[in-house]
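Structural overview for review
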Amino acid sequence: MTARLALLTQLETVLSCAECGSPPLPDQAQQWVAESQADPRLHGMALDILGHAHQHFSQHHAAQIAFREAAASYRQAGQMASSTNSLLLLATSYLLNEQPLLALDQWTKALLQAKSAQNLGQCVRIYLGIGQVYIGFQDDEAALRCSEMALKMAVAIADPLLECDALLYVASDNYRLQRYAQALEAIARAERLMEIPLHNKVWAAEIVYYRGLIHGQQGMLQQAKVELVTAYDLHCANDNLWGKAHALTGLGEVLLQLQDSQAEEILLQAQQMTLQAGLLILQTRCCKALIDCYLAKQQAERALPFYAQLFAQQSAPTWKISPTHRQKIVQLETQSRMLQLQKIPATLMHKPI
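Attention in this report is confined to the structure presented alongside it. (Residues numbered from 1 in each chain as written. Predicted model: local features only at pLDDT ≥ 70, side-chain atom pairs only at ≥ 80, totals over all residues. Heavy atoms only, no water.)

Under the criterion given, the structure shown has 12 salt bridges. Taking the shortest distance from any N to any O, the salt bridge between Arg 285 and Glu 253 comes out at 2.8 Å. One end of the pair, Arg 285, is in helix H15 (residues 280-296); the other, Glu 253, is in helix H13 (residues 241-257), with 32 residues separating them in the sequence. Residue Arg 285 is classed as partly exposed on the basis of its relative accessible area of 23%. Residue Glu 253 is classed as partly exposed on the basis of its relative accessible area of 22%. Note that Lys 297 is salt-bridged to Glu 264, the shortest N-O span being 2.5 Å. Of this pair, Lys 297 sits in the loop between H15 and helix H16 (300-315) while Glu 264 sits in helix H14 (residues 263-277), and the two are 33 residues apart along the sequence. (Salt bridge = Lys/Arg side-chain N within 4 Å of Asp/Glu carboxyl O. Helix = DSSP H or I, 4+ residues; strand = E, 2+ residues; numbered from the N terminus. Buried < 20%, exposed > 50% of the residue type's maximum accessible area, 1.4 Å probe, protein only.)

In structure tokens, the structure reads:
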């Protein structure tokens, strides 16, 4: 086996694990980036792995640099499908960093490449991304519409990975809209797909996490507590900062409702994680919960720093959807769906999901 083939085989295996939520540490990924510089395709793979490695720890800026360079390296190698995939990863990183307008720009670039290659699966992922942009503009109904359309597309092209991914988006959208029965149904479908198995540790933890959130909203607090502890443990085993911060925030909120003495400690830990991960929405949730916690204890002075944080967050400029961006989103939706309809019989697209 040649040195290049050995490195290719190694990178393919590592990249597959990284795409399923279990990347290597950034230092190891950086070594592969250095080793692969002479080969644009292998260099793109190594950079994608590095991007996943940084994203796993919510190191957004470093991840974005890696994904952007990966897309360029793949283009140099003539690997356009891989280049488009890196653009999708770059867009997702912007979204996780709560920068929906920058994400939208990357999805626009990705769609042009996906259309040229007639890559239906990537169009599904773009459609899912468009839905996430709508969340950034506080339009959950539009987000759900996009997620459901992406699910139809994934089912039509018989891609279980995309179907599972879309189902988790549908569950998340329904949860925000307080449609808990629909959310639980989507979660159950995703869980059945995970039995194939798909081996995605992040998705496995998210399934338990969303059940915990929903049961907490439904007043099933003890069950929610067990599920959120389980989700946190799964994310800890996978060392995923984004997942740990979400699970611990949800757990702290449930413990507060249970008047559990550990609520304050858990919420303070969650607050530190949300600051480390740069998750502004979770920071707001933690601040509100800690304020409630201290007021319930009649310790108003301890709540003051969190009032200050909450005020600073609410005073920060928010993203507004301009007519130009709304037009761009509509164009992305239309073009993505048109490509799907060109390749998928309309009868399949309109079957119940």
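Further remarks concern H13. In this model, H13 (17 residues) spans 25 Å end to end at C-alpha, consistent with the 24 Å of a helix rising 1.5 Å per residue. Of all 17 residues in H13, 13 are buried, a share of seventy percent or more. (Expected span 1.5 Å × (residues − 1).)

This part is about the layout of surface pockets. Its boundaries defined by the atoms lining it, the second largest pocket holds a volume of some 190 Å³. As for the second largest pocket, its lining consists of Glu 12, Leu 15, Glu 19, Arg 41, Met 45, Asp 48, Tyr 74, Gln 79, Ala 81, Ser 82 and Asn 85. Among the elements of the structure, helix H1 (3-19), helix H3 (40-56) and helix H5 (80-96) are those that each provide at least two residues to the lining of the second largest pocket. (1 Å grid on protein atoms, 1.4 Å probe; cavity = no way out; pocket = protein on both sides within 12 Å on 5 of 7 lines; lining within 4 Å. Points joined across faces, edges and corners; volume = space filled by probe spheres on them.)

With 18 residues, helix H4 (residues 60-77) extends 26 Å from end C-alpha to end C-alpha; this agrees with the ideal 26 Å at 1.5 Å per step. Turning to H4, its buried residues number three or more, namely His 60, Ala 63, Gln 64, Ala 66, Phe 67, Ala 70, Ala 71, Ser 73 and Tyr 74. Looking at the packing, one finds that the buried side of H4 touches H1, H3, H5 and H14. Residue Gly 78 follows H4 closely and has a positive phi angle near 75°. (Contact = heavy atoms within 4.5 Å.)

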